[in-house]
Amino acid sequence: MKIRVQKTPPSKLLCGPASTPDGDAVVALTEKGELCRMSLLQDRDLVDVIEAWQYEWSKTFFTVGVIPKNFLKLPILMIGTDVQKKIWSTIMRIPRGKVLSYGEVAAKAGLPRAAR
């Protein structure tokens, strides 16, 4: 699976309802077709979720539309700080089935004091 990380949120996102193995969700895709956000609805509705996203990412324009059924197979765009990007990069290199503590992950990322 292709994963890309950047510091700032995209300027435009396509949002819409989607079904997941864990329940109904709201999904956001970038203009490049990358999965960028997803929230399970639980007891909320689509509008509530998108309004919360809009509050969080005030410079992003959200459009409601149709999300492809295969959205879980799309490339992923993650938004985060430099520290988050280092931690995520380290986590993505952990072999399947191996377990590391927060401290071990932080140390491998070169940020030994970042474990909480």
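Look up: the structure comes first, before these words.
In this text the structure is predicted, and so the values were computed from the model without any measurement.

1. Things to note about the overall build of the protein
(1) Moving on: Scanning the protein from N- to C-terminus turns up three helices and six strands.
(2) Moving on: Helices (α) and strands (β) of the protein occur, in sequence order from the N terminus, as β-β-β-β-α-β-β-α-α.
(3) Moving on: Within the protein, the fraction of its 116 residues that count as buried is 33%.
(4) Moving on: A separation threshold of at least 6 residues defines the contact pool for the protein, and within that pool the share at least 24 residues apart is 54%.
(5) Moving on: In the form shown here, the protein has an accessible surface area of approximately 8100 Å², with 55% of it arising from carbon and sulfur atoms.

2. With respect to unusual backbone geometry
(1) Moving on: In the Ramachandran plot, Q42 falls in the positive-phi region, its phi being about 50 degrees despite a non-glycine side chain.
(2) Moving on: Tracing the sequence through the fold places Q42 in the loop between β4 (35-40) and α1 (46-56).
(3) Moving on: Look at Q42 and you get exposed, because its relative accessible area is 70%.

3. What to know about the packing of aromatic side chains
(1) Moving on: The tally for this structure, following the rule as stated, stands at one aromatic pair.
(2) Moving on: Consider the rings of W53 and F62, whose centres lie 6.4 Å apart with planes at 35 degrees: the pair is tilted. Comparing W53 with F62, the two get one shared label, buried.
(3) Moving on: Looking at R37, its charged tip hangs above the ring of W57, at a distance of 4.3 Å from the centre.

4. Overview of a nonpolar patch on the surface
(1) Moving on: Residues M1, I3 and M92 make up a contiguous nonpolar surface patch of about 310 Å² in total accessible area.
(2) Moving on: Counting through the fold element by element, M92 comes out in helix α2 (residues 82-92).

Cut-offs used in this document
Residues numbered from 1 in each chain as written. Predicted model: local features only at pLDDT ≥ 70, side-chain atom pairs only at ≥ 80, totals over all residues. Heavy atoms only, no water. Helix = DSSP H or I, 4+ residues; strand = E, 2+ residues; numbered from the N terminus. Buried < 20%, exposed > 50% of the residue type's maximum accessible area, 1.4 Å probe, protein only. Contact = heavy atoms within 4.5 Å. Areas by Shrake-Rupley, 256 points an atom, 1.4 Å probe, with all protein chains shown as cover. Phe/Tyr/Trp six-rings, centres within 6.5 Å; stacked < 30°, edge-to-face > 60°. Lys NZ or Arg CZ within 6 Å of the ring centre and 35° of its normal. Patch = residues over 30% accessible without salt bridge, like charges linked within 9 Å, V, L, I, M, F, W, Y side chains within 5 Å. Salt bridge = Lys/Arg side-chain N within 4 Å of Asp/Glu carboxyl O.

These values are about where atoms sit, not about what they do.
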